[in-house]
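# Fold and geometry: a report
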Amino acid sequence: MGDYSLFNLIETGFSYIFTKLFFPRARLVRRPIYIRGKKGIVYQKGLTTGHGCRIDASNKKNTLYIGKDARFGDYVHINAEEKIVIGDNILTASKVFISDTNHGYYKGDCQTSPETNPSLREDHTTPVFIGDNVWIGENVVILPGSKIGNGCIIGANTLINGNEFPDNTMIGGIPGKILKIYNTQTRTWERVKDE
């Protein structure tokens, strides 16, 4: 971490005062921050957000749950219409997108027509679960139905498209796949052989 300039110190000071006034359990909420549906958001102690974060939630109770000591980088966007659960000690880089919602339905028998204006398509939601101690790299996209186990690492620019990943796996690619698994006996990350 580099040293802060005088301007950054002043800006951080204002953000700290803002945090203690409006988000008393949070560690630091940097401005600007955009929040819709505050009634649907539950967060635990130690929340930290970067600049320009956007959190959209429905006003239904417990639509978005954020565990303790969660740290989000700049320009993270979370869109929770039904249910997103984020565990303790999550760390994200910048420009991460997490959503439980699609505009329209594109599987099975009753699919949405491309002739329908996207903004008028019915929302289709599937819950998203992210475990404890997860590190999410720059520009990661996590889409509806995704389940990320505890201790996972998601590499930069990865797309998680509704898949389930077990604990202690390293994930990367488009679409995301398991690259390494942590071996608790040897205490090393071991590469998964291509099939």
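Sequence positions are assigned chain by chain, starting from 1 and proceeding in written order. In view of the model being predicted, local features appear only for residues whose pLDDT reaches at least 70, and side-chain atom pairs are presented and counted only at 80 or more, with totals across whole chains, interfaces and linings using the full set of residues. Only hydrogens and water are set aside when side-chain values are computed; all heavy atoms of the structure are taken into account.

In the segment running from R31 into P32, the intervening peptide bond is cis, with an omega of 0 degrees. Here the residue pair I174 and P175 is connected by a cis peptide bond, since its omega of -5 degrees sits within 30 degrees of zero. Secondary-structure assignment places P175 in the loop between β21 (169-172) and β22 (177-183). Of note in the backbone geometry, K95 takes a positive phi value of approximately 60 degrees without being a glycine. Helix and strand assignments come from DSSP, with helices taken as H or I runs of at least 4 residues and strands as E runs of at least 2, each series counted from the N terminus. Mapped onto the elements of the fold, K95 is located in the loop between β10 (91-92) and β11 (97-99). Positive phi is not limited to glycine here, since N168 has a value of about 55 degrees. Within the secondary structure, N168 is located in the loop between β20 (164-165) and β21. For the exposure calls, accessible area comes from a 1.4 Å probe over protein chains only, and a residue counts as buried if that area is under 20% of its type's maximum, exposed if over 50%, partly exposed in between. Note on N168: relative accessible area 27%, which makes it partly exposed.

A few words now on the side chain of S58. Summarising the element assignment, S58 is placed in the loop between β5 (53-57) and β6 (64-66). Of the polar contacts made by the side chain of S58, one reaches the backbone oxygen of E81; its length is 3.1 Å. We call two residues in contact whenever any of their non-hydrogen atoms come within 4.5 Å of each other. When residues no more than four places from it in sequence are discounted, the contact partners of S58 are G37, G40, T63, A80 and E81. Think of a polar contact as two N or O atoms within 3.5 Å of one another; within protein, one of them needs to be a possible hydrogen donor and the other a possible acceptor, and neighboring residues in sequence only count if both atoms come from side chains.

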